[in-house]
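# Summary of the model geometry
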Amino acid sequence: MSEDLVNVVLGVLAAGAVATLGWFARTYLWKRGLRRKQAFFGLPANAETLLVVNRDTAGPELTVSRTDMFSLLELSAIVKECGAHAQVIPHDFAQQGFGERTEFCLGGPASNRRMAAHLHSLLPGVRVNADPEPGPDRGAFQIGSERYRMEPGRAEYVVLARLTAGQGQEARPVFLFCGQRPVTHQAATRYLARNHARLARKHGANSFVLLLKVVNSQAYGPDVIELVADVTRAAQSPAPVVRTSHRAPKD
């Protein structure tokens, strides 16, 4: 066998070895990332999860609003990537505890009975003004000593929370998307989908509560969202009496 032919054969073998090692490395990294994602969302392969939403109408059939449907699509993609299965149910049909199955709950407490129960039990420091009468505090959030008022289309807030209710590492988490308007729920689900790896590195399996602000939704929809603060401690403690108002600056 000539020297040139030997070099060609060795080159082919080296290239094959490098390609094989690269494939194994990519597969290993992908599987590690998937395991971390499954652990963060509490969604091992073939697990069952609940997507709890408002009813768009008062009829017997489940009809989901257009904006909430976009939110469900964001969450369904996460569930599918984890190899789990999702069941969509209306808020007034979700009559069970938490910890056995991962739950994603969307909506404000005024229209979502399940969300109201979660806030009362798990986040006593979060108050939502559900007064139907028009006024500057309509829909406002009270978190600890801070009040966050909504300016429709300009500055709207949403609470994004991952909670395990102190049931240990094996408990399935509850994810809450409690916003002042439906567009904020879509923004929060998108924020979670894009930042879950960073949140997992920072918080691990612990509970957290984030306050997000959707900026100028009348022009940008749910695409521009800012992290206002990590309000975990204030949200999990009874709210004090002192209050401070936050409003977007006037043009």
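Residues numbered from 1 in each chain as written. Predicted model: local features only at pLDDT ≥ 70, side-chain atom pairs only at ≥ 80, totals over all residues. Heavy atoms only, no water.

## Some thoughts on the sheet that holds strand S3 (residues 102-106)
To keep it simple, the criterion reads: Strand pairing is defined by DSSP finding a minimum of two bridges between the two strands. The way it works is that DSSP assigns letters per residue, a run of H or I at least four long becomes a helix, a run of E at least two long becomes a strand, and they are numbered from the N terminus. Angles shown run from 0 to 180 degrees and are taken between the N-to-C directions of axes, each axis being a line fitted to C-alpha atoms and, for helices, limited to the stretch in contact. Contact criterion: two residues are considered in contact whenever any of their non-hydrogen atoms come within 4.5 Å of each other.
Here seven strands make up an open sheet; going across it, the order is S2-S1-S3-S8-S7-S9-S10 and the pairing mixed. The sheet is open, and its two borders are formed by strand S2 (85-90) and strand S10 (225-230), each paired with just one other strand. Direction aside, neighbouring strands of the sheet carry axes that sit 20° apart on average. Bridge count for strand S7 (residues 155-163) against strand S9 (residues 208-215) is eight bridges, and the pairing is antiparallel. Paired with Ala161 across the strands is Val209, a residue of S9. Against the sheet, helix H3 (residues 113-122) engages strand S1 (48-53), S3, S7 and strand S8 (174-179), with an angle of about 110° to S8.

## Points about unusual backbone geometry
Put simply, the rule reads: For every residue, the accessible area obtained with a 1.4 Å probe (protein chains only) is divided by the maximum for its type, and the residue is called buried under 20%, exposed over 50%, and partly exposed between those limits.
Positive phi, close to 70°, is recorded for Asn46, a residue that is not glycine. Secondary-structure assignment places Asn46 in the loop between helix H1 (3-41) and S1. Of note, Asn216 is a non-glycine position whose phi angle comes to about 50°, a positive value. Structurally, Asn216 can be placed in the loop between S9 and helix H5 (217-220). With a relative accessible area of 22%, Asn216 lands in the partly exposed category.

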